[in-house]
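Coordinate inspection notes
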Amino acid sequence: MTHRRLQLLPPGTLWPTVLERTDHALRCGAIQSIPTTSETIEHNGVRFQVRIITALARKGEAKGARPGANPFLPYDPDLFVADISSTHLALLNKFNVVEHHLLIVTRTFEEQEALLAVEDFEALLACLAEIDGLGFYNAGTIAGASQPHKHLQLVPLPPASTEPRIPVEPLLCSARVTGFTGTVPGLPFLHAYAPMEPCWVEHPAEGAAPLLERYLIMLETVGLLPRRTVDHPQRPAPYNLLVTREWMLLVPRSVECFEGISINALGFAGALLVKGAEELQVLKTHGPMTALKTVTFARPD
């Protein structure tokens, strides 16, 4: 039985609500931001932004945390931002590195490894319509996911300046697109690139279905689209998905870490997180693009 999904997010309200709820969460201690310093490492045409943790957060000792607990069921009301739709809600990331980091969470439990559905994309588009940001999805532990409950994520982008707002974007300008998808010559690993249609963000309810189809084509392009059978759930191999108002990038994953450094979708945007000077030196020695190449698969060309 199908039913019409109710859009609960009033236009123009998400960003003001994020600011208000962030202030509230900071005042009551619900957010435990991870302190970092930053450094730039230029490699293969990308000015990678590397954040170095200055005080390791012990998530297991956070207030209310229990081993094996699902932080989204029930969620902390002090981290609640908004009802995005009848199927998704937005929460603040409790252990954020970037300010105003949003989690777009399914109301009922779904596995993080499951295929994204039209409802997921409708919720993501609704948020992108309100906040010019980078949306991303870590499909499974190997892709850097830390929670088994399905959730997409969104970090706001800085205002336009002379520097790229996303470090990897200078490479994306040379993307070669044939039909619906393409590749980026400067990315030395298996991936699929696709442009976004502006109307998808302008009209999330209508844009979700074509965006879903584009996503499925990207999965098929890199050989990850699973067979649809009754006995086997639709669960592709691990991958990272990045989505902005202008483009999408999908990268299959082989392993989670490079020399002990965990890499999630933000790594493929050109943003990496390390736990100290030793891991920073590893990236300087080998180069961040080498790290990304090591945790992915070789390009067929």
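Structural data are supplied above this passage.
Below is a short write-up of the structure.

The rules behind these values
- Residues numbered from 1 in each chain as written.
- Predicted model: local features only at pLDDT ≥ 70, side-chain atom pairs only at ≥ 80, totals over all residues.
- Heavy atoms only, no water.
- Salt bridge = Lys/Arg side-chain N within 4 Å of Asp/Glu carboxyl O.
- Helix = DSSP H or I, 4+ residues; strand = E, 2+ residues; numbered from the N terminus.
- Buried < 20%, exposed > 50% of the residue type's maximum accessible area, 1.4 Å probe, protein only.
- Phe/Tyr/Trp six-rings, centres within 6.5 Å; stacked < 30°, edge-to-face > 60°.
- Lys NZ or Arg CZ within 6 Å of the ring centre and 35° of its normal.
- Pairing = 2+ DSSP bridges.
- Axes fitted to C-alpha atoms, helices over the stretch in contact; angles between N-to-C directions.
- Expected span 1.5 Å × (residues − 1).
- Contact = heavy atoms within 4.5 Å.

**Focus: the pattern of salt bridges**
Counted under the stated rule, the structure contains 9 salt bridges. Close ionic contact of E163 with R47 constitutes a salt bridge, the shortest N to O distance being 3.7 Å. Note that E163 is positioned in the loop between β7 (151–156) and α3 (169–172) and R47 in strand β2 (residues 46–53), a separation of 116 residues in sequence. Since its relative accessible area comes to 43%, E163 is described here as partly exposed. Here K150 makes a salt bridge to E110, at a shortest N to O gap of 3.1 Å. Linking K150 in the loop between β6 (133–139) and β7 with E110 in the loop between β5 (102–106) and α2 (118–130), this pair joins segments that are 40 residues apart in sequence.

**Points about the packing of aromatic side chains**
Considering all chains together, one arrives at 5 aromatic pairs under this definition. Seen in terms of ring centroids, Y137 and Y239 are 6.2 Å apart; in terms of plane orientation they differ by 55°. Their pairing is tilted. Linking Y137 in strand β6 with Y239 in strand β11 (residues 239–243), this pair joins segments that are 102 residues apart in sequence. Assigned by exposure class, Y137 and Y239 land together as buried. The ring of F95 is capped by K94, whose NZ or CZ atom sits 6.0 Å from the centre of that ring.

**Concerning the sheet that holds β2**
With mixed pairing, 3 strands are arranged side by side in an open sheet as β1-β2-β15. Each of the sheet's edge strands pairs with one partner strand only, and the pair in question is β1 (36–43) and β15 (271–274). On average, adjacent strands in this sheet sit at an angle of 25° to one another, irrespective of strand direction. Across 4 bridges, the pairing between β2 and β15 is parallel. For V50, the partnering residue across the bridge sits in β15 and is L272.

**Some points on helix α5 (residues 204–221)**
The end-to-end C-alpha distance of α5 is 25 Å, a good match for the 26 Å that 18 residues give at a rise of 1.5 Å each. Burial in α5 covers these residues: P204, G207, A208, L211, L212, R214, Y215, L216, M218 and L219. Each element contacted by the buried residues of α5 is listed here: α2, β9 (181–183), β10 (192–195), α4 (198–202), β11 and β12 (247–252). Immediately downstream of α5, the backbone of G223 shows phi near 80°, a positive value.

**Quick look at α2**
Across its 13 residues, α2 extends 19 Å between first and last C-alpha, which sits within 8% of the 18 Å expected from 1.5 Å per residue. Taking burial as the measure, the 13 residues of α2 include 10 buried ones, the bulk of the element. Listed in full, the buried residues belonging to α2 are V118, D120, F121, E122, A123, L124, L125, A126, C127 and L128.

None of the figures reported here should be taken as evidence of function without further support.
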